[in-house]
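# Architecture and fold: a report
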Amino acid sequence: MDNSGDSLSREKLILNVSLAGSVAFLIAEIVCAWVTHSMSVLMDCVYDIADLVMIGPFLVLVPLLYKPTTEKRPYGYAQVESLFVLIKYIILLGVDVVLVISCIKSIAGGGNDVESGVVAAFEIHISCSQG
């Protein structure tokens, strides 16, 4: 009995739920970063944007992973997934570098006034809702 169709549909569902949850979480972070002027929340927001950009191609890649191996592709499309993960983390490294430079400039310019109570409440709420 072949369950690859069930596995594929389950994986697509998981990716779609992840995409929807990430979008909702990103909107909350954008609002919090805008209200509080917090660079740490903004940095987390940028990571989430980079992650969202990468979920799109994964939605296309997942069905390819379930295709059988052929003589032309003896390893299937599994190597494409590895390459894609490498690209994702190179992009995140680039985001890190840009954000570190931005934070250094902000610190050198005197920093930001942050509403720490709002940021703390937001972070505690997010931590409790994920656990």
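Residues numbered from 1 in each chain as written. Predicted model: local features only at pLDDT ≥ 70, side-chain atom pairs only at ≥ 80, totals over all residues. Heavy atoms only, no water.

## Describing the overall build of the protein
If you tally the helices and strands in the protein, you get four helices and zero strands. Going from N to C terminus, the protein has its helices and strands arranged as α-α-α-α. For the protein, whose C-alpha radius of gyration is 19 Å, the value lies well above the compact-globule estimate of 14 Å for 131 residues. Taken along its principal axes, the extent of the C-alpha atoms in the protein is 60 × 30 × 20 Å. For the protein, the residues scored as buried account for 24% of the 131 residues in total. Sequence separation of 24 or more characterises 71% of the internal contacts of the protein that already satisfy a separation of 6 or more. When the accessible surface of the protein is totalled, it reaches about 8,900 Å², and 67% of it is carbon and sulfur. (Helix = DSSP H or I, 4+ residues; strand = E, 2+ residues; numbered from the N terminus. Rg over C-alpha atoms; globule rule 2.2 N^0.38 Å. Buried < 20%, exposed > 50% of the residue type's maximum accessible area, 1.4 Å probe, protein only. Contact = heavy atoms within 4.5 Å. Areas by Shrake-Rupley, 256 points an atom, 1.4 Å probe, with all protein chains shown as cover.)

## Let's talk about the environment of serine 9
In this structure, serine 9 sits in helix H1 (residues 4–36). Taking C-alpha positions, serine 9 is 9.0 Å from proline 63, a pair spaced 54 residues apart along the chain.

## A look at helix H2 (residues 39–65)
End to end, H2 covers 38 Å across 27 residues, agreeing with the expected 39 Å (1.5 Å per residue, within 8%). Turning to H2, its buried residues are Val41, Cys45, Asp48, Ala50, Leu52, Met54, Ile55, Phe58, Leu61 and Val62. (Expected span 1.5 Å × (residues − 1).)

## Some remarks on the nonpolar core
Counting residues in hydrophobic clusters, the biggest one holds seven residues: Leu8, Leu15, Met54, Phe58, Leu61, Val62 and Phe84. For this core, the secondary structure elements donating two or more residues are H1 and H2. Counting residues per element, this core draws most heavily on H2, which supplies four residues. Apart from residues no more than four positions distant in its own chain, phenylalanine 84 is found in contact with Met54, Pro57, Phe58 and Leu61. Within the second largest apolar cluster, six residues are counted, among which are Cys32, Ala33, Val119 and Ile126. (Core = buried A, V, L, I, M, F, W, Y, C linked by side-chain atoms within 4.5 Å.)

## Remarks on the state of the cysteines
If you walk through the whole model with that rule in mind, you get zero disulfides. Its sulfur unpaired, cysteine 45 is 9.9 Å from the next cysteine sulfur, which belongs to cysteine 32. The cysteine cysteine 103 is free of any disulfide, with cysteine 45 supplying the nearest cysteine sulfur at 13 Å. (Disulfide = S-S within 2.5 Å.)

## Brief notes about the packing of H2 against helix H3 (residues 78–108)
Interhelical geometry of H2 versus H3 gives an angle of 165° and a closest axis separation of 10 Å. By the criterion of interaxial angle, the relationship of H2 to H3 is roughly antiparallel. Note on packing geometry: the crossing formed by H2 with H3 is right-handed. Its residues assigned to classes, the contact of H2 with H3 shows 20 nonpolar, two polar and four charged. (Axes fitted to C-alpha atoms, helices over the stretch in contact; angles between N-to-C directions. Parallel < 35°, antiparallel > 145°, perpendicular 65-115°, else oblique. Left-handed = near helix turned anticlockwise from the far one by under 90°. Nonpolar A, V, L, I, M, F, W, Y, C, P; charged D, E, K, R; others polar.)

## Section: the side chain of threonine 36
Here threonine 36 shows up in helix H1. Only 2.7 Å separates the side chain of threonine 36 from the backbone oxygen of cysteine 32, close enough to count as a polar contact. For threonine 36, the residues in contact, after removing those within four places along its chain, are Asp113, Val114, Glu115, Val118 and Val119. (Polar contact = N/O pair within 3.5 Å; in protein donor to acceptor, adjacent residues only side chain to side chain.)

## Let's talk about a nonpolar patch on the surface
On the surface, Val23, Ile27, Val31, Trp34, Val35 and Val118 cluster together into a nonpolar patch covering about 570 Å² of accessible area. Here the element with the most residues in the nonpolar patch is H1; it accounts for five residues. Considering the arrangement of structural elements, one finds valine 35 in helix H1. Given a relative accessible area of 37%, valine 35 falls into the partly exposed group. (Patch = residues over 30% accessible without salt bridge, like charges linked within 9 Å, V, L, I, M, F, W, Y side chains within 5 Å. Salt bridge = Lys/Arg side-chain N within 4 Å of Asp/Glu carboxyl O.)

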